[in-house]
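Okay, here's what each chain looks like letter by letter:
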Amino acid sequence: MIATPDRTPLPREFFDRPVLQVAPDLLGRLLVRSTPDGPITLRLTEVEAYDGPNDPGSHAFRGRTARNDVMFGPPGHVYVYFTYGMWFCMNLVCGPVGTASAVLLRAGEIVEGAELARTRRLSARNDKELAKGPARLATALGVDRALDGTDACAPGETPLKVFSGTPVASDQVRNGPRTGVAGEGGDGDVHPWRFWIANDPTVSPYRAHVPRRRRS
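My aim in this report is to walk through the structure given alongside it, one point at a time.

1. Describing the environment of T166
Part 1 of the argument: As for its placement among the helices and strands, T166 is situated in the loop between β7 (160-165) and β8 (173-176).
Part 2 of the argument: T166 sits in the partly exposed class, given a relative accessible area of 35%.
Part 3 of the argument: Expressed as a C-alpha distance, the spacing of T166 and R29, which sit 137 residues apart in the sequence, is 6.0 Å.

2. Quick notes on the packing of aromatic side chains
Part 1 of the argument: In this structure the tally under the stated criterion is three aromatic pairs.
Part 2 of the argument: A centroid spacing of 5.0 Å and a plane angle of 75° characterise the contact between F14 and F15, whose relative ring orientation is edge-to-face. We note that F14, like F15, is buried.
Part 3 of the argument: Plain terms: the ring middles of F82 and F88 are 4.8 Å apart, the flat faces sit at 40° to each other, and that makes the pair tilted.
Part 4 of the argument: Over the ring of F14 we find R17; its NZ or CZ atom is 4.6 Å from the centre of that ring.
Part 5 of the argument: Over the aromatic face of W196 sits the side chain of R194, whose NZ or CZ is 4.1 Å from the ring centroid.

3. Some remarks on the environment of L31
Part 1 of the argument: In this fold, L31 is placed in strand β2 (residues 30-35).
Part 2 of the argument: For L31 and L42, which are eleven residues apart along the polypeptide, the C-alpha to C-alpha distance reads 5.1 Å.
Part 3 of the argument: When residues no more than four places from it in sequence are discounted, the contact partners of L31 are I40, T41, L42, M90, L105, L141, L160, K161 and V162.

4. Description of a nonpolar patch on the surface
Part 1 of the argument: Side chains of Y84, M86 and W87 sit close together on the surface and give an oily, nonpolar patch of about 350 Å² of accessible area.
Part 2 of the argument: Judged by its relative accessible area of 38%, W87 is partly exposed.

5. Some remarks on the pattern of salt bridges
Part 1 of the argument: By the definition in use, this model includes 14 salt bridges.
Part 2 of the argument: For E129, the salt bridge goes to R125, with nearest N and O atoms at 2.5 Å.
Part 3 of the argument: Three or more residues joined by partner-sharing salt bridges are found here, namely E46, E48, R106 and R194.

6. Here we look at the side chain of T35
Part 1 of the argument: With respect to the element layout, T35 can be found in strand β2.
Part 2 of the argument: For T35, the residues in contact, after removing those within four places along its chain, are L116, R120 and L141.

7. Regarding the layout of surface pockets
Part 1 of the argument: Quantified by volume, the largest pocket comes out at close to 1100 Å³.
Part 2 of the argument: The wall of the largest pocket is formed by 36 residues, among which Y84, R106, P134, T179 and G180 lie closest to the centre.
Part 3 of the argument: Those elements that place two or more of their residues in the lining of the largest pocket are β3 (38-51), β4 (78-83), β5 (87-94), β6 (101-112) and α4 (134-141).
Part 4 of the argument: Among the elements that take part in the lining of the largest pocket, α4 stands out by supplying four residues, more than any other.
Part 5 of the argument: Taken together, the residues that form the lining of the largest pocket break down as 16 nonpolar, eleven polar and nine charged.

8. Digging into the nonpolar core
Part 1 of the argument: Among the nonpolar cores identified, the biggest contains 41 residues, and F15, L26, V103, L105 and I110 are the most heavily contacted of them.
Part 2 of the argument: The element best represented in this core is β3, accounting for five residues.
Part 3 of the argument: Residues in contact with L105, not counting those within four places in the same chain, are L26, L31, L44, E46, V47, M90, L92, P134 and L137.
Part 4 of the argument: Counting residues in hydrophobic clusters, the runner-up holds 13 residues, among them A60, Y79, C89 and L104.

What counts, and at which threshold
- Residues numbered from 1 in each chain as written.
- Predicted model: local features only at pLDDT ≥ 70, side-chain atom pairs only at ≥ 80, totals over all residues.
- Heavy atoms only, no water.
- Helix = DSSP H or I, 4+ residues; strand = E, 2+ residues; numbered from the N terminus.
- Buried < 20%, exposed > 50% of the residue type's maximum accessible area, 1.4 Å probe, protein only.
- Phe/Tyr/Trp six-rings, centres within 6.5 Å; stacked < 30°, edge-to-face > 60°.
- Lys NZ or Arg CZ within 6 Å of the ring centre and 35° of its normal.
- Contact = heavy atoms within 4.5 Å.
- Patch = residues over 30% accessible without salt bridge, like charges linked within 9 Å, V, L, I, M, F, W, Y side chains within 5 Å.
- Areas by Shrake-Rupley, 256 points an atom, 1.4 Å probe, with all protein chains shown as cover.
- Salt bridge = Lys/Arg side-chain N within 4 Å of Asp/Glu carboxyl O.
- 1 Å grid on protein atoms, 1.4 Å probe; cavity = no way out; pocket = protein on both sides within 12 Å on 5 of 7 lines; lining within 4 Å.
- Points joined across faces, edges and corners; volume = space filled by probe spheres on them.
- Nonpolar A, V, L, I, M, F, W, Y, C, P; charged D, E, K, R; others polar.
- Core = buried A, V, L, I, M, F, W, Y, C linked by side-chain atoms within 4.5 Å.

In structure tokens:
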């Protein structure tokens, strides 16, 4: 018998922990995106942890900037960045104020509002691909930089909120190198900080970092 997902909002205390505790604990949780066109609910199946100044793969490795300011807290806020000149990616900030750690939401299963997600992800071949990868996830949910800094733990209705859902048993959690991260930050022996649900069809395939070609 499958348990009914818990619709209790996750409190700020959930996020006010070390990033390597929060990241795997987000698997199986529900992210609800409220929009004028209706809500979309996503079950998180893949995430990556980024640990600020302790992590060469983190946007905050070299300190605070206008771009990464939200990463410094408070926990429970949403950090959205623009990448490759075309895509948005979404993170949940964690740890105490000033730590600059966050969890990248890499993939999930759309469990409610698939009709709306499909209108945003016309290239998806099936519903398992709607949020299979961080840019696809953000696109399916209609997330952009306008949501950077959103408090996902604020009381009442907010554009983004995380609910308890159904936490994943530890023996179903896998971890390994982060996708597309260069240098030491992409070394799976040093930073095996991508976490996913074993055998879940919505998890994105691993891809090593490929240096971008410079224009001559």
